[in-house]
Amino acid sequence: GQDVVLIAMSMDTAEDLASWARDDQFQFLMASDVGGAVATQYGASRGRVANRFHYIIGPDGKVAHTQIPFQEVDPTAYEQLAAALDEAAQVASRE
């Protein structure tokens, strides 16, 4: 929904993420956490690297859903993400 925002986060640089988003034409926000502070805070850190993870932000500005780690090679991960986005959009439309 238009009131729900998906943010994908990784420890890749902003430049790398921008290139990847442009090349694959992603329709969601990507955030760079190069130092790993956010990954550490949310339990996605694996030392000098981190799992890729997603946040769904509801219309109230609060995190409605997290997917840590996001297993991009698992096709069911995309189904779970779509279901979480749908649920957050439904909650937003009821408010």
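Residues numbered from 1 in each chain as written. Predicted model: local features only at pLDDT ≥ 70, side-chain atom pairs only at ≥ 80, totals over all residues. Heavy atoms only, no water.

S.K.: A description of the environment of Ala37 should follow, citing residues and the corresponding values.
M.R.: Secondary-structure assignment places Ala37 in helix α2 (residues 37–41). Using a relative accessible area of 54% as the deciding quantity, one classes Ala37 as exposed. Sequence-wise, Ala37 and Met11 are 26 residues apart; in three dimensions their C-alpha atoms are separated by 9.4 Å. (Helix = DSSP H or I, 4+ residues; strand = E, 2+ residues; numbered from the N terminus. Buried < 20%, exposed > 50% of the residue type's maximum accessible area, 1.4 Å probe, protein only.)

S.K.: Now, about the confidence of the model for the protein chain: what can you tell me, with residues and values included?
M.R.: Mean pLDDT over the protein chain works out to 83, with 87% of the residues at or above the 70 mark. Ranking the helices and strands of the protein chain by mean pLDDT puts helix α1 (residues 14–24) first, with 89, and strand β4 (residues 49–50) last, with 60. (pLDDT = per-residue confidence, 0-100.)

S.K.: How would you summarise the side chain of Asp33 if you had to cite specific residues and measurements?
M.R.: Mapped onto the secondary structure, Asp33 falls in the loop between β2 (29–32) and α2. For Asp33, a relative accessible area of 7% puts it in the buried group. Within the local environment of Asp33, its side chain forms a polar contact with the backbone nitrogen of Val38, the two atoms lying 3.2 Å apart. Contacts of Asp33, omitting those with residues within four sequence positions, involve Met9, Ser10, Met11, Asp12, Val38 and Ala39. (Polar contact = N/O pair within 3.5 Å; in protein donor to acceptor, adjacent residues only side chain to side chain. Contact = heavy atoms within 4.5 Å.)

S.K.: Explain the sheet that holds strand β1 (residues 5–10) to me, using residue names and the numbers behind them.
M.R.: Across the sheet, four strands lie side by side as β2-β1-β5-β6; this open sheet has mixed pairing. For this open sheet the edge positions go to β2 and β6 (63–67), each flanked by a neighbour on one side alone. The average angle at which neighbouring strand axes cross in this sheet is 25°, direction not considered. (Pairing = 2+ DSSP bridges. Axes fitted to C-alpha atoms, helices over the stretch in contact; angles between N-to-C directions.)

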